[in-house]
Amino acid sequence: MIKVQEISIDPSTRRAWRAGKEITLSRKEFDLVHALITRAGEVVTRDELMREVWHTSFWTSSKTIDVHLGWVRRKLGDDSRRPHLITTIRGKGLRFEKSSPAA
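All values reported here derive from a predicted model rather than from experimental measurement.

A. Summary view of the side chain of glutamate 29. Mapped onto the elements of the fold, glutamate 29 is located in helix 1 (residues 27-37). The exposure class of glutamate 29 is buried, given its relative accessible area of 4%. Within the structure, the side chain of glutamate 29 is placed 2.8 Å from the backbone nitrogen of serine 26, a separation counted as a polar contact. Separated by 2.7 Å, the side chains of glutamate 29 and lysine 75 make a polar contact. Beyond its immediate sequence surroundings of up to four residues, glutamate 29 is in contact with Thr24, Trp71, Val72 and Lys75.

B. Representation of the sheet that holds strand 7 (residues 93-96) in the model. The strand order across the open sheet built from three strands is 5-7-6, with neighbouring strands paired in antiparallel fashion. Across the chains shown, the open sheet's two edge strands, defined by having one partner strand only, are strand 5 (43-44) and strand 6 (86-89). In the sheet, strand 5 pairs with strand 7 via two bridges, with the strands oriented antiparallel. For valine 44, the partnering residue across the bridge sits in strand 7 and is leucine 94. Each of strand 5, strand 6 and strand 7 touches helix 1; the most contacted strand, strand 7, lies at about 75° to it.

C. Just helix 2 (residues 46-53), in detail. Listed in full, the buried residues belonging to helix 2 are Leu49, Met50 and Val53. Within helix 2, the buried residues cover an arc of 100° as seen down the axis, which keeps them to one side. Backbone geometry just downstream of helix 2 places histidine 55 in the positive-phi region, at approximately 55°.

D. How the structure looks around the side chain of arginine 39. With respect to the helices and strands, the residue arginine 39 is situated in the loop between helix 1 and strand 5. Aside from chain neighbours lying at most four places away, what touches arginine 39 is Val44, Glu48 and Glu52.

E. Just the nonpolar core, in detail. Among the nonpolar cores identified, the biggest contains 26 residues, and Leu36, Leu49, Leu76, Ile86 and Phe96 are the most heavily contacted of them. Among the elements of the structure, strand 2 (7-10), helix 1, helix 2, helix 3 (64-76) and strand 7 are those that each provide at least two residues to this core. By residue number, the principal contributor to this core is helix 1, which donates six residues. Excluding residues within four positions of it along the chain, isoleucine 86 makes contact with Leu36, Leu69, Val72, Arg73, Leu76, Asp78, Leu94, Arg95 and Phe96.

F. Just the sheet that holds strand 4 (residues 21-23), in detail. Ordered in space as 1-2-3-4, the four strands form an open sheet in which the pairing is antiparallel. The open sheet has two edge strands with one neighbour each: strand 1 (2-4) and strand 4. Ignoring which end each strand starts from, the neighbouring axes of this sheet average 25° apart. As paired elements, strand 2 and strand 3 (residues 15-18) share four bridges and run antiparallel to each other. Along strand 3, the bridge assignment pairs isoleucine 7 with arginine 18. Contacts from helix 1 reach strand 1, strand 2 and strand 3, with the element oriented near 110° to strand 2.

Rules and cut-offs
Residues numbered from 1 in each chain as written. Predicted model: local features only at pLDDT ≥ 70, side-chain atom pairs only at ≥ 80, totals over all residues. Heavy atoms only, no water. Helix = DSSP H or I, 4+ residues; strand = E, 2+ residues; numbered from the N terminus. Buried < 20%, exposed > 50% of the residue type's maximum accessible area, 1.4 Å probe, protein only. Polar contact = N/O pair within 3.5 Å; in protein donor to acceptor, adjacent residues only side chain to side chain. Contact = heavy atoms within 4.5 Å. Pairing = 2+ DSSP bridges. Axes fitted to C-alpha atoms, helices over the stretch in contact; angles between N-to-C directions. Arc of directions from axis to C-beta. Core = buried A, V, L, I, M, F, W, Y, C linked by side-chain atoms within 4.5 Å.

None of the figures reported here should be taken as evidence of function without further support.
Here is the structure:
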């Protein structure tokens with residue numbers, strides 16, 4: 001079980017929870033959350049995400065990650081305008097925050 005902020009995931013069962021309530025994630029959504037949460041506090045590049053989540057070294061679409069990220073943020077309750085879970089680091093990648101900015 002991996003827990004960061006109010007998000008918990010169980011890689012063995014591919015289940016996720018927010019504040020104790022189960023969240024239904026698609027396979028790719030779970031893979032995206034897993035790739036980010038296992039390296040919480042670190043910037044994960046878009047190239048790394050394409051390799052780890054989509055198992056490709058080329059970009060099928062520049063919006064692939066953004067679309068999935070939007071779905072994940074909604075399901076996790078992370079406001080894209082003021083994110084507290086997953087932060088976009090412009091020109092570098094994405095970071096799953098270890099703690100909320102208010103903390």
